[in-house]
Amino acid sequence: MSIIDNTIRFVKQQLETAEGGHDWFHIERVYKNALLIAEGEDCDLTVVKLGALLHDIADSKFHDGDETIGPKTARAFLENEKAEEDTIVQVIGIIENISFKGGNFEKEFHSKELEIVQDADRLDAIGAIGIARCFNYGGFKNRALYNPGMPPKLNMSKEEYKNSQAPTINHFYEKLLLLKDKMNTETAKKIALERHRYMENFLSQFYAEWDGER
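Owing to the predicted nature of the structure, the values given are computational and were not obtained by experimental measurement.

1. Re helix α1 (residues 3-14)
Helical geometry note: an α-helix holds 3.6 residues per turn, so side chains three or four residues apart project in the same direction. Relative to the 16 Å expected for 12 residues at 1.5 Å per residue, α1 spans 16 Å between its end C-alpha atoms, a close match to the ideal helical length. Turning to α1, its buried residues number three or more, namely I4, N6, T7, F10 and V11. All buried residues of α1 project into a common sector of 155 degrees when viewed along the axis, lining one side. In this structure, the buried side of α1 is in contact with α2 (24-38), α3 (45-54) and α4 (69-80).

2. Quick word on the pattern of salt bridges
One pass over the structure, following the stated rule, counts 9 salt bridges. Notably, a salt bridge pairs K112 with E41, separated by 3.3 Å at the nearest N-O pair. With K112 in helix α6 (residues 112-123) and E41 in the loop between α2 and α3, this residue pair connects regions lying 71 residues apart in the sequence. Of the residues examined, E41 reaches a relative accessible area of 22% and is grouped as partly exposed. Notably, a salt bridge pairs K180 with D181, separated by 2.9 Å at the nearest N-O pair. What makes K180 partly exposed here is its relative accessible area of 23%. Three or more residues joined by partner-sharing salt bridges are found here, namely R29, D124 and R133.

Each value, and the rule that gives it
- Residues numbered from 1 in each chain as written.
- Predicted model: local features only at pLDDT ≥ 70, side-chain atom pairs only at ≥ 80, totals over all residues.
- Heavy atoms only, no water.
- Helix = DSSP H or I, 4+ residues; strand = E, 2+ residues; numbered from the N terminus.
- Expected span 1.5 Å × (residues − 1).
- Buried < 20%, exposed > 50% of the residue type's maximum accessible area, 1.4 Å probe, protein only.
- Arc of directions from axis to C-beta.
- Contact = heavy atoms within 4.5 Å.
- Salt bridge = Lys/Arg side-chain N within 4 Å of Asp/Glu carboxyl O.

Interpretation note: all reported values are geometric properties and have no functional meaning in isolation.
Structure, rendered in structure tokens:
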């Protein structure tokens, strides 16, 4: 079996009991998005594939905020697969720098492969699936759907963003609606525009129903 096949099998096993918005199917969607975006980019496709498959192998949200577990898990797996060190470094760079983290996070690693996988991951956070994932995670954390008395908090620090307990609707303004303008590639920018509009229409309908207008 190829390293990609082995990685798919490994990720499926690792995420077998994961929260619904961060499970194997999320990884699969990001993988497909990444392949689509990569078609128009000059990149190392193996790094893109491995980065997409391993980007959420141990999300810090589900490991008491520990951001080192994901990179360590990925490195141990890739070393066991006899991957080249340069490939491992590239994949770890993607894992460590892909997250939104409040939008004020300065990346310490830059590559075309990171841009592609980051766009692929961000596309899965917006549109219809993004809405579903957002409310699924809010339910997982037992958060309120919406509270008019708790407005969104913009420009949060990384720590404030990580520790936020705000209602789910706030997350649209604190992250999801910001992602359209943070895409790196032209392919992702075009896809994001339509998904962004879908979220705006959803919010208009949500507020109308909340206020008993329709």
